[in-house]
Amino acid sequence: MSEQPPTPAPTPAGAPEPEPIRFFGTSWLNRDNGYWPRRVGVSVGALAATAAAVLVLRFGIEGIALSEDGTFLNGLLTAAIAVCSMMAVRRTWKVLTEGRDQLTGWMAEDKSLGAVWLIGGAGSLAAYFVRSLVEAPGEAVRRAAHERAVAQYEKRQAGRGRRPDTKAPGRPKRKR
């Protein structure tokens with residue numbers, strides 16, 4: 001007989017629900033409902049997208065090289081792509097491991113550094129690929145937030161167990 005994983009108990013009303021992650025929904029919580037095939041698919045997809053982005057960047061660099069403007073311009077373009085990619089890798093890794101709300105300084109700029117993030121897209125995809133080998137990208141952030149919410153919920157419920165709710169139906173208010 002094949003063993004079925006235990007079905008989780010239904011959550012009581014008011015209990016915190018896990019936030020869905022793109023491509024995974026809420027399957028990351030218990031790592032069920034096709035979590036592992038999705039992880040493999042996300043990894044393969046991120047690797048393929050990284051390869052495609054690198055190919056597009058290579059065509060761009062070769063186009064500049066064909067213009068015979070010199071090796072200085074070609075070297076400058078290559079350096080700019082490398083710097084933008086490193087910045088994008090750092091930012092993407094921080095978002096996936098610590099969350100978007102932890103971004104400060106230049107990493108928090110979405111609009112003014114949009115071109116940098118676009119040029120460094122290959123690096124960002126590479127970071128996404130590497131993170132997908134460890135866990136569902138963003139899972140650590142969501143899991144920590146969910147565990148904090150569950151702990152707060154349980155703490156509130158435990159506090160209510162010691163003293164009855166004063167607004168319970170059929171219970172008269174205390175007179176002073």
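Preceding block: the structure.
Residues numbered from 1 in each chain as written. Predicted model: local features only at pLDDT ≥ 70, side-chain atom pairs only at ≥ 80, totals over all residues. Heavy atoms only, no water.

Colleague: Which parts of the structure should I look at to understand the overall build of the protein chain?
Modeller: Per the secondary structure count, the protein chain includes five helices and zero strands. The order of helices and strands in the protein chain, counted from the N terminus, is α-α-α-α-α. Split into buried and exposed, the 176 residues of the protein chain put 25% on the buried side. For the protein chain, the computed accessible surface area is about 12,700 Å², with 61% contributed by carbon and sulfur atoms. (Helix = DSSP H or I, 4+ residues; strand = E, 2+ residues; numbered from the N terminus. Buried < 20%, exposed > 50% of the residue type's maximum accessible area, 1.4 Å probe, protein only. Areas by Shrake-Rupley, 256 points an atom, 1.4 Å probe, with all protein chains shown as cover.)

Colleague: Which parts of the structure should I look at to understand the nonpolar core?
Modeller: Most often, soluble globular proteins keep nonpolar side chains buried together rather than apart. Judged by nonpolar contacts, Ile21, Phe24, Trp28, Tyr35, Val42 and Ala136 together constitute the single largest core of six residues. With residues up to four places along the chain from it excluded, the contact list for Val42 reads Phe23, Phe24, Tyr128, Ser132 and Pro137. Counting five residues, the second-largest nonpolar core is a separate cluster that includes Cys84, Leu113, Val116 and Trp117. (Core = buried A, V, L, I, M, F, W, Y, C linked by side-chain atoms within 4.5 Å. Contact = heavy atoms within 4.5 Å.)

Colleague: How should the packing of aromatic side chains be read in this particular structure?
Modeller: To describe a pair of aromatic rings, one takes the distance between the centres and the angle between the planes. In the structure shown here, the tally under the stated rule is three aromatic pairs. Their ring planes at 50 degrees and their centres at 5.6 Å tell us that Phe24 and Tyr35 sit as a pair that is tilted. Here the residue Phe24 occupies a position in the segment before helix 1 (35-66), and Tyr35 occupies one in helix 1, the gap between them amounting to eleven residues. Judged by its relative accessible area of 2%, Phe24 is buried. (Phe/Tyr/Trp six-rings, centres within 6.5 Å; stacked < 30°, edge-to-face > 60°.)

Colleague: Please clarify how the pattern of salt bridges should be interpreted in this entry.
Modeller: Pairing between side chains of opposite charge can happen when the charged atoms of each approach one another. Applying the stated criterion to the full structure yields five salt bridges. Notably, a salt bridge pairs Glu62 with Arg58, separated by 2.7 Å at the nearest N-O pair. Of the two residues, Glu62 and Arg58 are both situated in helix 1; the distance of four residues between them amounts to about one turn of the helix. Take Glu62: its relative accessible area is 34%, and that puts it in the partly exposed class. Residue Arg58 is classed as exposed on the basis of its relative accessible area, which comes to 52%. (Salt bridge = Lys/Arg side-chain N within 4 Å of Asp/Glu carboxyl O.)

Colleague: What is the right way to look at unusual backbone geometry in this model?
Modeller: Most peptide bonds adopt trans geometry, and most residues besides glycine take a negative phi value. Look at Phe23: it is not a glycine, yet its phi comes out positive at around 75 degrees. By secondary structure assignment, the location of Phe23 is in the segment before helix 1. Taking relative accessible area as the criterion, Phe23 reaches 53% and is therefore assigned exposed. Phi angles above zero are rare outside glycine, and Arg31 is one such case at about 55 degrees. Mapping Arg31 onto the fold places it in the segment before helix 1. We classify Arg31 as partly exposed; its relative accessible area is 34%.

Colleague: What is the right way to look at the environment of Ile21 in this model?
Modeller: Among the structural elements, Ile21 can be located in the segment before helix 1. The spatial distance from the C-alpha of Ile21 to the C-alpha of Arg142 is 8.2 Å, given a sequence separation of 121 residues. Here Ile21 is in contact with Trp28, Pro137, Gly138, Glu139 and Arg142, once residues within four sequence places are set aside.

Colleague: Please clarify how the layout of surface pockets should be interpreted in this entry.
Modeller: One simple way to see leftover space: roll a probe sized like a water molecule over the atoms. Of the voids in this model, the largest pocket is the one considered here, and its volume is about 580 Å³. Lining the largest pocket are 19 residues, with Arg22, Val95, Leu96, Arg100 and Tyr128 positioned closest to its centre. Along the lines of polarity and charge, the residues of the lining of the largest pocket split into eleven nonpolar, four polar and four charged. (1 Å grid on protein atoms, 1.4 Å probe; cavity = no way out; pocket = protein on both sides within 12 Å on 5 of 7 lines; lining within 4 Å. Points joined across faces, edges and corners; volume = space filled by probe spheres on them. Nonpolar A, V, L, I, M, F, W, Y, C, P; charged D, E, K, R; others polar.)

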